[in-house]
Amino acid sequence: MEIYLPIADLPVNVFLVFAMGLAVGFISGMFGIGGGFLMTPLLIFIGVSPAVSVATVASHIAASSFSGALLYWRRRALDLALALMLLVGGVVGTALGVWLFTRLRSIGQLDLVIALSYVILLCSVGGAMIAESIRAILRRRWGDNEDVRRPGSHTWVHGLPIKVRFKQSRLYVSVIPVWVIGFAMGFLGAVMGIGGGFILVPLLIYVLRVPTNVVIGTSLVLTLMTMATATVFHAVTNHLVDALLALILMLGGVIGAQFGAQAGQRMRSERLRLLLGLLIFAVGLRFAVNLFATPADLYSFRILEGEQ
Amino acid sequence: MRRLQSLAGVVMGALFALIAMVSLVAAKERLVVSLSNQRVRINSVFSGTELVLFGAIERDDAPERRFGYDIVAIITGPRQSLLTLRKDRVFGIWVNVESRTFLDVPSYLAILSNRPFNQIAKPAVLHRLKIGFDYTIFTQRIGPDFADVVREDSFRRAFLRLQGERKLYLQTPNAVTFLAPTLFRASVPLPAEALVGSYAVEVMLFAEGEMIARTTSAFEISKVGFERFVVVAAHEYGLLYGIATVMMALTTGWLASIVFRRD
């Protein structure tokens, strides 16, 4: 069944878009990530313009992360105070990211910078997650427990000043690393059009030593807040949010997220991390192939904005 | 007094011109065309459409033409500016290295006829009437200059190829069919990506290699109903639209967590 999208200005198959929402929602619920790094390329692939894709995906992520966050909220498995503190840094990061985005676009190499940062970020984060989770799986198999650093143990990060207590996470930590992480998330989100959940989760676990049971819920709350802000921002500045496309994606996304969250809880965490690492690495490789392989068409064009 | 005189002169001139035109028209053929639809509505099930152009040649007492008639129809969509980019390999990766801006080019361009253009008229005539992409002017901005370039220019060719692939630019030498010696029809395919706005239709009648009559018409593509509502809301009330979208997202998320509640 074809339906014409009012803002994206093209007809799409409803079931295809719904299925995409479902699949990405499943993955986002399973790993506690927004899934923007999957959904944005998928939409571009079916012909939606990159600008409309980035703007619309923000609202889709808001929906699926809210549905996921509610699930963790009922289980008291999220830290609202920590999420709010991260958001403080996030707002500053977003503002700076938007500024850089505009600068790069005026130079004319935004596409290249986005593609390169996708490759570098996704391949390195994915690679690190694969390596770490394989080590954890092997350790479990051999019953070797010597190098386990449990959550709650301390690193140099915990020696920084201005300490704040986060009750839910049983954490007494300086706000400086919290703000820095929030800032990085906001910055990456604005420049690359991703929620950044897949970077946030490992950072919270490995740098701040947030207990794994509250990490995903907290990450979902932060993603929800940044993406809701981004949706409003995109709607006000460039009018590119396609509400109809967003609705179809959301319906698929929230249903997928529910099943994904349940599937995720049944799986052992290191296996989950391995799967996510592989997925992220694969998407990174896909972008790398695009950069290095000879394109099918050397020419491309785009409509200049504001001159319809 | 002088003003009155000049006014009288203008009126007389106009009268003469009118009489001349009428006598000219009476001696030659006239062209009458009609479109199957003056207003194409984009609703939520729109996936492209096809307009039919009907036309009749009124001969009155014009002498019979030995080689019959030819018809060329040019349909031009709203104009837009496009940036065309060319990729090249730099340090092993493919980067956009060169760009050209096409200024105020038609977003849709269809040149339809009943037989190949070069059989209808000589190149000089085709060139003057801009029949065929080879003779259409696509203004480019190259650095500080504005110009249309040679036909063989790689950017121009790539631009035409890309527009053709999207079915927005087409030249079809067999799209016009004669139902009778003086009656013809042509179908105008409009893809779903066709831009909203007004489209100009120009129909030219040829006989013995010369254009002997010309007429214009127009149609409009517009969004209606829900589609229109969304577009107006997004552009006029950006903030409200954004907040509404977020509320929709939150409601959807909340409903899902209620529906799928397991505890």
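Looking at the overall build of chain A
Thought 1: Within chain A, the regular secondary structure consists of 10 helices and 5 strands.
Thought 2: What you see for chain A is a C-alpha radius of gyration of 19 Å, in line with the 19 Å of a compact globule of 308 residues.
Thought 3: Each principal axis of the C-alpha distribution contributes one length, and for chain A these read about 60 × 40 × 40 Å.
Thought 4: When each of the 308 residues of chain A is scored for burial, the buried share is 49%.

Thoughts on the interface of chain A and chain B
Thought 1: Each partner contributes residues to the interface: chain A has 47 residues there, and chain B has 47 residues.
Thought 2: Counting only elements with at least two residues in the side of chain A that touches chain B, the list comes to β1 (2-5), β2 (10-13), α3 (50-74), α5 (110-142), α8 (212-237), α9 (243-266), α10 (269-292) and β5 (299-303) of chain A.

Digging into the environment of B:F133
All names here are of chain B.
Thought 1: Considering the arrangement of structural elements, one finds F133 in the loop between α3 (123-129) and β8 (140-142).
Thought 2: C-alpha of F133 to C-alpha of T252: the two residues are 119 residues apart in sequence and 50 Å apart in space.
Thought 3: Leaving out residues up to four positions away in the same chain, F133 has contacts with L160 and Q171.

Some words on the sheet that holds strand β13 (residues 197-207) of chain B
Residue and element names in this part refer to chain B.
Thought 1: The strand order across the open sheet built from 6 strands is β2-β14-β13-β4-β7-β10, with neighbouring strands paired in mixed fashion. The open sheet has two free edges, formed respectively by β2 (39-42) and β10 (169-172), since each of these has just one partner strand. Taking the axes of each pair of neighbouring strands and ignoring which way they run, one obtains an average angle of 15 degrees across the sheet.
Thought 2: Examined bridge by bridge, strand β4 (residues 69-76) and β13 share 8 bridges and lie antiparallel to one another.

Description of the environment of B:V150
Thought 1: Tracing the backbone through its elements, the reader meets B:V150 in the loop between β9 (145-147) and α4 (154-165).
Thought 2: With 16 residues separating them along the chain, B:V150 and B:D134 place their C-alpha atoms 9.0 Å apart.

Observations regarding the domain arrangement of chain B
Interface size is commonly expressed as the accessible area that is lost once the parts come together.
Residue and element names in this part refer to chain B.
Thought 1: Parsing chain B into structural domains produces domain 1 (28-223) and domain 2 (224-258).
Thought 2: The C-alpha centroid of domain 2 is placed 38 Å from the C-alpha centroid of domain 1.
Thought 3: Listed as interface residues are 6 residues of domain 1 and, on the opposing side, 6 residues of domain 2.
Thought 4: Going through the elements one at a time, β2 and β14 (210-223) are the ones with two or more residues in the side of domain 1 that touches domain 2.
Thought 5: Broken down by class, the residue content of the side of domain 1 that touches domain 2 amounts to 1 nonpolar, 3 polar and 2 charged.

As for the packing of α5(A) against α10(A)
Residues and elements named next belong to chain A.
Thought 1: One can describe the packing of α5 onto α10 by two numbers: an axis separation of 7 Å at closest approach and a directional angle of 150 degrees. When the axes of α5 and α10 are compared, the pair comes out roughly antiparallel. The handedness of the crossing between α5 and α10 is left-handed.
Thought 2: Here the contact of α5 with α10 is built from residues that sort into 21 nonpolar, 6 polar and 5 charged.

Things to note about the sheet that holds strand β6 (residues 93-106) of chain B
Thought 1: Here we have 5 strands laid out as an open sheet, ordered β5(A)-β5(B)-β6(B)-β8(B)-β9(B), and antiparallel in their pairing. Taken across any chain shown, the strands that pair with only one partner, and hence form the sheet edges, are β5 of chain A together with β9 of chain B. Between one strand axis and the next, the sheet turns by 30 degrees as a mean value, whatever way the strands run.

Considering helix α2 (residues 36-45) of chain A
Thought 1: Within the sequence span of α2(A), burial applies to A:G36, A:F37, A:L38, A:M39, A:T40 and A:L43.
Thought 2: Of the surrounding secondary structure, the elements contacted by the buried residues of α2(A) are α1 (14-31), α3, α5, α7 (197-206) and α10 of chain A.

Some details on the nonpolar core
Thought 1: Counting 139 residues, the largest nonpolar core has A:A62, A:L224 and B:A73 as its most contacted members.
Thought 2: Residue contributions to this core reach at least three from each of two domains, namely domain 1 (28-223) and domain 2 (224-258) of chain B.
Thought 3: Sequence-distant contacts of B:A73, that is, excluding residues within four places in its chain, are made with B:L53, B:L112, B:V176, B:A186, B:V201, B:E202 and B:V203.
Thought 4: Counting residues in hydrophobic clusters, the runner-up holds 6 residues, among them B:L82, B:F138, B:F155 and B:F159.

Brief notes about the pairing of β6(B)
Residue and element names in this part refer to chain B.
Thought 1: Where strand β5 (residues 79-90) and β6 come together, 11 bridges link them in antiparallel fashion. Directly across from Q80, in β6, lies its bridge partner V105.
Thought 2: In this antiparallel pair of consecutive strands, β5 and β6, the connection spans 2 residues, and F91 shows a positive phi of 50 degrees.

Re the environment of A:H239
Thought 1: With respect to the helices, strands and loops of the structure, A:H239 is situated in the loop between α8 and α9.
Thought 2: Along the backbone, A:H239 and A:V52 are 187 residues apart, and their C-alpha atoms lie at a distance of 8.8 Å.
Thought 3: When residues no more than four places from it in sequence are discounted, the contact partners of A:H239 are B:A234, B:H235 and B:G238.

Topic: unusual backbone geometry
All names here are of chain B.
Thought 1: Unlike most non-glycine residues, D104 shows phi in positive territory, near 45 degrees.
Thought 2: Here D104 falls in the exposed class, since 12 other C-beta atoms lie within 10 Å of it.
Thought 3: Despite not being glycine, K167 has its phi angle at roughly 60 degrees, a positive value.
Thought 4: Classification of K167 as partly exposed rests on a count of 16 C-beta atoms within 10 Å.

Regarding α8(A)
Residues and elements named next belong to chain A.
Thought 1: Spanning 26 residues, α8 covers 38 Å between terminal C-alpha atoms, matching the ideal 38 Å at 1.5 Å per step.
Thought 2: Burial analysis of α8 places 21 of its 26 residues in the buried class, which makes it a mostly covered element.
Thought 3: Positive phi shows up at H239, right after α8, with a value of about 50 degrees.

Thresholds applied
Residues numbered from 1 in each chain as written. Chains lettered and ligands numbered in written order. Predicted model: local features only at pLDDT ≥ 70, side-chain atom pairs only at ≥ 80, totals over all residues. Helix = DSSP H or I, 4+ residues; strand = E, 2+ residues; numbered from the N terminus. Rg over C-alpha atoms; globule rule 2.2 N^0.38 Å. Buried ≥ 20, exposed ≤ 12 C-beta atoms within 10 Å, placed from the backbone. Contact = placed C-beta atoms within 7 Å. Pairing = 2+ DSSP bridges. Axes fitted to C-alpha atoms, helices over the stretch in contact; angles between N-to-C directions. Domains from an automatic or database assignment. Nonpolar A, V, L, I, M, F, W, Y, C, P; charged D, E, K, R; others polar. Parallel < 35°, antiparallel > 145°, perpendicular 65-115°, else oblique. Left-handed = near helix turned anticlockwise from the far one by under 90°. Core = buried A, V, L, I, M, F, W, Y, C linked by C-beta atoms within 7 Å. Expected span 1.5 Å × (residues − 1).

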